[in-house]
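Observations on the three-dimensional arrangement
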Amino acid sequence: MTNNTEPKKVLFGTNGVRGIIGEDMNPELVMKIGLSLGTMIQGRVAIGRDTRTSGEALAAAMRSGLLASGCDVIDLGILPTPALQYLVREHYDGGAMITASHNPPEYNGVKVIEGDGTEMDDTRTIALESLIFSEDVRIADWKSVGKLTDESHRIEEYIRAIVSHFPKDCCKGMVVVVDPGSGPAAATTPEILRRMGCSVHTINGRFDGTFPGRVPEPSPEGLALLSETVIATKAAFGVAHDGDADRAVFVDETGTFMNENLTFAMLARAACQNNPGIVVTPVSTSDVIREVAADCGCTTSYTKVGSIYVARTMLKLIEAGERVAFGGEGNGGQIFPNHQFCRDGGMTAAAMAELVAGSKRSISSLADEIPPYTMVKEKIHSDDPTAVLSRIRSACSELDLNETDGVHIRWNDAWALIRPSGTEPFIRLYAESKDPERAEEVKTYLLSLL
Ligand code: MG
């Protein structure tokens, strides 16, 4: 439960700090983040960026802050966030990724990576923010200013690491279309799939921060060209990434967009069959995950909404001696515990390729084996989310409530989640059931309580 006196993050949201260039995001802020992060880490820090037009300016500011604090900086150039995370875990003491993920082109921001390759947690982020605000940072003298090294060639290690998880040529001859959306995965996902034996067609495959082909969010509306290309090339499927390629979404062989909870379920089921264990996911995820895990004799563990909570819960369970099969969110962000503890779009594309090729069936027929659920969502304006939540809590006190994040209510044939936005005066409402009418009914009932 949230305690109002608890210190809260101000600058940083669920996945880093983001803003519009020239308004609330600029090199001055990023340099302060660099100085503060450098003060905390005092070691070798890797930096990377996505393809945004403002990336070089912000990366230069980040380099400057880190070097001035006395850290050595390793520039990894343009690469996916999960590639930076992998390389930080292998080689460095920390990392900073200049990215605004799925946000429109005018945005940019910073994701901060710990030495183990995971995103920085809330406690450490609050400590980082207090350094940023107090400016109580370390400024190195002339003898101890950091050194800058270019190690952008290391992206090859990330590609190899993913390919090494799969049998050689396991996808031989399978045609796949990749849409990196002019983002950093243009340098990784097509190459990964090619090395697994796929015949790869790439669209929006050149780095371009103006995003001429589509916006960084891989929504169904933006993926018309991907669908057309899948049909035209008779591909097995198409895969698209968000702006920093920690997420992957799919279209089937008929060019139809596949719901992210569905593709999550397909990959979770494969993981549970191959290596049974707990599946970790936020409370906002479809029950289909719980059902496919249970069918394999596996259980599901729920976290707050945010990939970092999923990743850290997976790590904690493993430390406690539990077996963890898989983790992820219902937005195309999947975590493979045999690879690394963060969402990885390239790994997700590779795992799906192996699944489809190994089945010798179409991706849509594999999808047909997953039980259908209907989830409805609503975003409601509210100036007082706390009052709304307590109203829901008392109205539903007889029901099965879970307060991991917001209020989660479970009926025997449906569930709902009412969750305040961390940053805006909005409440998010999710309702899900196998019966579409029941999902709508639950939503209408809860809206009447709001
Ligand atoms: Mg992202």
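Refer to the structure presented above.
These numbers come from a predicted model, not from an experiment. (Residues numbered from 1 in each chain as written. Predicted model: local features only at pLDDT ≥ 70, side-chain atom pairs only at ≥ 80, totals over all residues. Heavy atoms only, no water.)

1. Some remarks on the environment of valine 30
Positionally, valine 30 belongs in helix α1 (residues 27-41). Through-space distance from the C-alpha of valine 30 to that of glutamate 228 is 40 Å; in sequence the pair is 198 residues apart. Contact partners of valine 30, with chain neighbours within four places excluded, come to Met25, Leu58, Ala61, Met62, Ile98 and Val110. (Helix = DSSP H or I, 4+ residues; strand = E, 2+ residues; numbered from the N terminus. Contact = heavy atoms within 4.5 Å.)

2. Considering the pattern of salt bridges
By the definition in use, this model includes 34 salt bridges. Salt bridges sharing common partners tie together Lys111, Asp244, Asp246, Glu329 and Arg343. (Salt bridge = Lys/Arg side-chain N within 4 Å of Asp/Glu carboxyl O.)

3. Comments concerning the coordination of the magnesium ion
Taken together, the protein ligands of the magnesium ion are Ser101 (OG), Asp242 (OD), Asp244 (OD) and Asp246 (OD), with distances of 2.0 to 2.1 Å. Within one chain, the residues serving as donors to the magnesium ion are arranged as S-x140-D-x1-D-x1-D. (Donors = N, O, S within 2.8 Å, 3.2 Å for Na, K, Ca; no water.)

4. Considerations on the nonpolar core
Proteins that are soluble and globular tend to have nonpolar side chains buried together. Met174, Leu193, Phe237 and Phe326 are the most contacted members of the largest nonpolar core, which has 62 residues in total. For this core, the element with the highest residue contribution is helix α11 (residues 345-359), accounting for 8 residues. In this view, methionine 174 contacts Gly197, Cys198, Ser199, Ala236, Phe237, Ala353, Val356 and Ala357; residues no more than four positions away in its chain are not counted. Listed in part, the 25 residues of the second largest apolar core include Met25, Val30, Leu37 and Ile132. (Core = buried A, V, L, I, M, F, W, Y, C linked by side-chain atoms within 4.5 Å. Buried < 20%, exposed > 50% of the residue type's maximum accessible area, 1.4 Å probe, protein only.)

5. What about the environment of isoleucine 132?
Relative to the elements of secondary structure, isoleucine 132 occurs in helix α4 (residues 122-134). Exposure remark for isoleucine 132: the relative accessible area of 5% places this residue in the buried category. For the pair formed by isoleucine 132 and leucine 11, sequence separation is 121 residues and the distance between their alpha carbons is 9.6 Å. Apart from the residues lying within four places of it in its own chain, the contact partners of isoleucine 132 are Leu11, Phe12, Lys32, Ile33 and Ser36.

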